[in-house]
Amino acid sequence: MAGKDKKRKKGEDDEGPVDLLARIGSRQAPQPVSPPPEPPPVPADQPQRLDAPLPSRRPDARSGHGVEDASLEGIAPAKSSPIPSPRSAPGPGEMDVVATPLPTLDDWHRFELALRKIRGVGHVTTEYYRHGVLKVRVSYDGQERLAQALRAGVPGYRIRVIGEDRATIQILVSSEGDERRPG
């Protein structure tokens with residue numbers, strides 16, 4: 001009897017389930033729902049709006065194409081074309097150099113100027129700079145690999161190559177002045 005409320009009297013019987021809706025008010029009869037009005041037709045001189053929901057593509061019985069939803073028949077959706085990007089892969093004679101840490105815009109600019117002084121480096125194009133990470137596209141036509149040239153001599157900087165593949169070099173940058181500072 002530990003579950004009974006202490007405020008109840010001993011002789012009081014439990015009531016059955018309580019109808020709370022009767023206390024609040026009676027239910028109202030459901031109202032018939034009318035369909036929404038159709039939008040007016042678009043005049044021919046106005047451009048078509050593109051912010052409406054996209055129509056779903058269902059399988060076409062004639063062509064067998066157009067299955068967009070993988071749950072329809074267990075078929076994987078068709079691959080779409082790639083998303084266009086302003087950036088492209090490096091061309092012949094080009095490499096991407098990803099350098100970090102370059103905490104300020106001045107550091108970024110000084111490093112980019114020093115990178116132009118390496119023998120064999122031609123055109124240097126900045127791809128992006130975010131949160132101390134700089135990505136530049138470098139055209140290079142030197143005798144040795146670009147990673148070796150970077151290790152050997154970016155004036156005023158000490159370079160440590162942390163990753164390299166066919167088109168990208170990842171480097172850690174520290175200026176020679178940073179190494180001399182205590183702390």
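Rules used throughout
Residues numbered from 1 in each chain as written. Predicted model: local features only at pLDDT ≥ 70, side-chain atom pairs only at ≥ 80, totals over all residues. Heavy atoms only, no water. Helix = DSSP H or I, 4+ residues; strand = E, 2+ residues; numbered from the N terminus. Buried < 20%, exposed > 50% of the residue type's maximum accessible area, 1.4 Å probe, protein only. Contact = heavy atoms within 4.5 Å. Phe/Tyr/Trp six-rings, centres within 6.5 Å; stacked < 30°, edge-to-face > 60°. Pairing = 2+ DSSP bridges. Axes fitted to C-alpha atoms, helices over the stretch in contact; angles between N-to-C directions. Salt bridge = Lys/Arg side-chain N within 4 Å of Asp/Glu carboxyl O.

(A) A look at the environment of A149. Structurally, A149 can be placed in helix 3 (residues 146-152). In this structure A149 comes out as buried when scored by relative accessible area, which is 7%. Sequence separation between A149 and I118 is 31 residues; the distance between their C-alpha atoms is 7.3 Å. If we ignore the near neighbours within four places in the chain, the residues touching A149 are I118, Y140 and E144.

(B) The arrangement of the packing of aromatic side chains in detail. One pass over the full model with this rule turns up 2 aromatic pairs. Between the aromatic rings of F111 and Y157, the centroid separation amounts to 5.4 Å while the plane-to-plane angle is 90°, which identifies the pairing as edge-to-face. Taken together, the residues F111 in helix 2 (residues 105-115) and Y157 in strand 4 (residues 157-164) connect sequence positions 46 residues apart. For F111, a relative accessible area of 0% gives the class buried. When its relative accessible area of 13% is taken as the criterion, Y157 is described as buried.

(C) Expanded view of the sheet that holds strand 4. Spatially, 2-3-1-5-4 is the arrangement adopted by the 5 strands of the open sheet, whose pairing is mixed. Whereas interior strands pair on both sides, the edge strands pair on one side only; in this sheet they are strand 2 (121-130) and strand 4. Ignoring which end each strand starts from, the neighbouring axes of this sheet average 30° apart. Bridge count for strand 4 against strand 5 (residues 168-175) is 7 bridges, and the pairing is antiparallel. Counted as the bridge partner of I159 is V173 from strand 5.

(D) Region of interest: the pattern of salt bridges. Following the criterion strictly, the structure yields 6 salt bridges and no others. For the salt bridge of R137 with D96, the shortest nitrogen-to-oxygen distance reads 2.7 Å. Taken together, the residues span a long stretch of sequence, with R137 in strand 3 (residues 133-140) and D96 in strand 1 (residues 94-100) at a distance of 41 residues. When sorted by exposure, R137 lands in the same class as D96, which is buried. Between R137 and E127 there is a salt bridge whose closest N-O contact spans 4.0 Å. Taken together, the residues span a long stretch of sequence, with R137 in strand 3 and E127 in strand 2 at a distance of 10 residues. Here R137 falls in the buried class, since its relative accessible area comes to 8%.

Function cannot be read off these values alone, since they describe shape.
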